[in-house]
Amino acid sequence: PMQFAPGTRWAYNNSAYVLLGAIVEKASGRTYEAFVRERVFEPLGMSSSLYDRTETIVPRRARGYTLQGDEPRNAAYLSMTQPYSAGSLASTVDDLARWDAALYSERLVKAASLEKAWTPYVLKDGEPTRYGYGWGVSKVRGRRAIGHGGGIHGFSTYAVRLPEERVFVAVLCNSDAPAAPPEYLGKKIAAIAVGDPFPEPVAVAVDPAVLARYAGVYRIDERTTRTVFAEGGRLYTQRSGGERIEARPSSETEFFYERSFSRFRFVLDAAGRPTEMLFFPDGADEPEHAPRVGDAPIERPVAKVNPALYDAYVGDYELQPGFVLSVTREGDRLMTQATGQNKIEVFPISETE
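For the structure given in this document, a descriptive report is provided here. Worth saying up front: this structure is predicted, and the values here are computed from it rather than measured. (Residues numbered from 1 in each chain as written. Predicted model: local features only at pLDDT ≥ 70, side-chain atom pairs only at ≥ 80, totals over all residues. Heavy atoms only, no water.)

Our focus in this paragraph is the overall build of the protein. From N to C terminus, the protein includes seven helices and 20 strands. Scaling as 2.2 N^0.38, a compact globule of 353 residues should have a C-alpha radius of gyration of about 20 Å, and the protein matches this with 22 Å. Overall, the C-alpha framework of the protein stretches about 65 × 50 × 40 Å when taken along its three principal axes. The buried share of the protein, reckoned over its 353 residues, is 33%. Taking contacts inside the protein between residues at least 6 apart in sequence as the whole, the part at least 24 apart equals 45%. (Helix = DSSP H or I, 4+ residues; strand = E, 2+ residues; numbered from the N terminus. Rg over C-alpha atoms; globule rule 2.2 N^0.38 Å. Buried < 20%, exposed > 50% of the residue type's maximum accessible area, 1.4 Å probe, protein only. Contact = heavy atoms within 4.5 Å.)

What follows is the structure, given as structure tokens:
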């Protein structure tokens, strides 16, 4: 069954791109690999781009890395037949610049089709999605930005174009756990290129008692909240379904995240109590309003278990083709890392949960 009625929600998924690859093959009578080579790479002179195959000898092909704790490791093997049209291509920044240049003409796709692809889809309830057809649509320092990121075993990437300024930035990283996210680097470089760099926030000291009053649940929409925790003199936020992230104070009411353009500010009433969070995602000028709707949930108690149990759980678990959850033990800690995402510690509530 479908997860929701078409047009009522938006959710990125690789499976949709796998279906698109099948459609390309059905419509063209060619394999997806042959189609992109003959219709895209060869006409544009993208001689260093290909449908990646591990058995093929590719000069100067980068090796992918991951982290186990703080120790770099070779990334786990992944056959490119699994991600297929959702992530099997290999390229270089120079070839991607050739691809970007072609988008200013109609060498590959009609301008009207591209403009439709670069227009954020609007849901039936009128809510914009910030996603077109295969492209993310946002702004960099107030300028229209069109881009996309990706992650796979050993690699993470981001590319962004500012069409009115004719600026294109591609960041290709041969690690699936880089110190700085490629999207952050790409947008930061793009802002510098147009002469309008992002400001560098500076953390200040704030009384822990002030931080404690911000703890609570802030509602973004009917399905999504952001929970604020104050622990040990630090502030953390956690969006529904996301990971907990530390937020650094730039003033008593304003906060930012390391290696991110997102920031937020608390609105206080006359008594100094927080009533709302104004969240500015990815450096946006207009905030996302999230009223405070309750106290932070009580933390679930962590069960006391013998860490030796964790050895039996270590391994790779395939959640879906091309998306694997790696479970590792680091001393007495159990760690998980999904493909292309950061490593997160998990805590026991029983011997198996």
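With that out of the way, let us pick up unusual backbone geometry. Phi is positive for Arg60, close to 65 degrees, though the residue is something other than glycine. Its location among the elements puts Arg60 in the loop between β1 (50–51) and β2 (65–68). Positioned with a positive phi, Arg166 is a non-glycine residue whose angle comes to about 55 degrees. Considering the arrangement of structural elements, one finds Arg166 in the loop between β7 (155–162) and β8 (167–173).

A separate point is the sheet that holds β7. Strand order in the open sheet formed by four strands is β5-β6-β7-β8, and the pairing between neighbours is antiparallel. Pairing within the sheet leaves two strands with one partner each, and these edge strands are β5 (136–140) and β8. Strand-to-strand twist in this sheet, taken as the mean axis angle between neighbours without regard to direction, amounts to 25 degrees. When β5 meets strand β6 (residues 143–152), the two strands line up antiparallel, connected through five bridges. By the bridge assignment for β6, Val137 is matched with Ile146. (Pairing = 2+ DSSP bridges. Axes fitted to C-alpha atoms, helices over the stretch in contact; angles between N-to-C directions.)

On to helix α5 (residues 182–193), then. Taking 1.5 Å as the rise per residue, α5 with 12 residues should run 16 Å; its terminal C-alpha atoms sit 16 Å apart, in good agreement. Among all positions in α5, only Pro182, Tyr184, Gly186, Lys187, Ala190 and Ala191 are buried. Each element contacted by the buried residues of α5 is listed here: β5, β7 and β8. Trailing α5 by a residue or two, Gly195 shows a phi angle of about 75 degrees, which is positive. (Expected span 1.5 Å × (residues − 1).)

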